Protein chains: 2
Amino acid sequence: MESQDLKKAGLKVTLPRMKILEILEQNRKKHLSAEDIYRILMVSNNEIGLATIYRVLTQFETAGLVTRHHFEGGQAVFELDCGVHHDHIVCVDCGKVEEFVDEMIEERQKRITEELGFDLRDHSMILYGVCKDREDCLKRRNN
Amino acid sequence: MESQDLKKAGLKVTLPRMKILEILEQNRKKHLSAEDIYRILMVSNNEIGLATIYRVLTQFETAGLVTRHHFEGGQAVFELDCGVHHDHIVCVDCGKVEEFVDEMIEERQKRITEELGFDLRDHSMILYGVCKDREDCLKRRNN
DNA sequence: ATGTATGCAAAACATTTGCACCTGG
DNA sequence: CCAGGTGCAAATGTTTTGCATACAT
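Residues numbered from 1 in each chain as written. Chains lettered and ligands numbered in written order. Predicted model: local features only at pLDDT ≥ 70, side-chain atom pairs only at ≥ 80, totals over all residues. Heavy atoms only, no water.

**Q** Please provide a residue-by-residue account of the interface of chain B and chain A, values included.
**A** Each side of the interface is counted separately: chain B has 31 residues, and chain A has 31 residues. Between chain B and chain A lies a buried interface of about 2900 Å² when both sides are counted; carbon and sulfur atoms form 68% of it. It is F118(B), Y128(B) and K132(B) in chain B that bury the most area against chain A; as a group they hold 22% of the surface buried on that side. If you look at where chain B meets chain A, you find four salt bridges. Between the two partners, chain B and chain A, sit 14 residue pairs in polar contact (both at pLDDT 80 or more). Put simply, the parts of the chain that give the side of chain B that touches chain A at least two residues each are β4 (87-91), β5 (97-100), α5 (103-115) and β6 (118-131) of chain B. Among the elements that take part in the side of chain B that touches chain A, β6(B) stands out by supplying 14 residues, more than any other. Taken together, the residues of the side of chain B that touches chain A break down into 16 nonpolar, six polar and nine charged. Bridge analysis of strand β6 (residues 118-131) of chain A against β6(B) gives 13 bridges, and the strand direction is antiparallel. Paired with S124(A) across the two strands is I126(B), which belongs to β6(B). (Contact = heavy atoms within 4.5 Å. Buried area = accessible area lost by both parts, 1.4 Å probe. Salt bridge = Lys/Arg side-chain N within 4 Å of Asp/Glu carboxyl O. Polar contact = N/O pair within 3.5 Å; in protein donor to acceptor, adjacent residues only side chain to side chain. Helix = DSSP H or I, 4+ residues; strand = E, 2+ residues; numbered from the N terminus. Nonpolar A, V, L, I, M, F, W, Y, C, P; charged D, E, K, R; others polar. Pairing = 2+ DSSP bridges.)

What follows is the structure, encoded as structure tokens:
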């Protein structure tokens, strides 16, 4: 029951919040912008204001329920926080996103940070590439 | 003579472009936003429109003269492209930026990309931390 | 001269906020 | 009932664009 997640976060269980959480659930592994969510709600006949979506996403982020990323191209994208840190690789052609973690890199980041006289708090690492499977990629590009 | 850089890039040598390039030269190692540049020009009595600054920076980026970064916090920042790739660590308190390169990480990034079925084109890695030297850091924070 | 660059003001975006109204507990 | 949530429209901050004018070659 996901309404528990909301209560736990100290957020009242409202329709918009439930719906948005639901959409994020159904799109685990995808990365949606506020407007993506807005459109999805639109289509399923849930007219929720864009402002509310931004507000709710920000609250979710604060509560640690979602993570916000700034891939290239204007809009921020959001994904449900699965609890495990990971980084991303994005295809510059079709937009496909894969997640990964690499202990060695995490390790080096910590060391470098120390050497430069900082305490590491967070990091953002995004690799940009193109899918080797060109057919698949181009198919995805045209939705 | 930096006007050569402009000609080489196929850009007409104009006052705004020269001035902006000059400011970037004088601030190698810093990372300036379009507005930072605007203000600096202002102070030195060179009234150049903000729109022009954005246009010129974009042209410089296309020409490979500068690199654009999206650190957290709205504005994009620019730095002269010294030809050598590097990543950044930013202090979340005072905004200090240090640059570094780590061959091991670059190596791993390439391998991971391959494993996931992509061809690596580019990457962005930004570490966020706080300066260990608190005094220095807080001093910087208050400019 | 002439094609390109600039300045200004207006547009375009993504995101945030003020405020009157609505809703969950 | 009432604190908190929502919708709408307007404000914000950054970046882009249209167009008349100015400039480099």
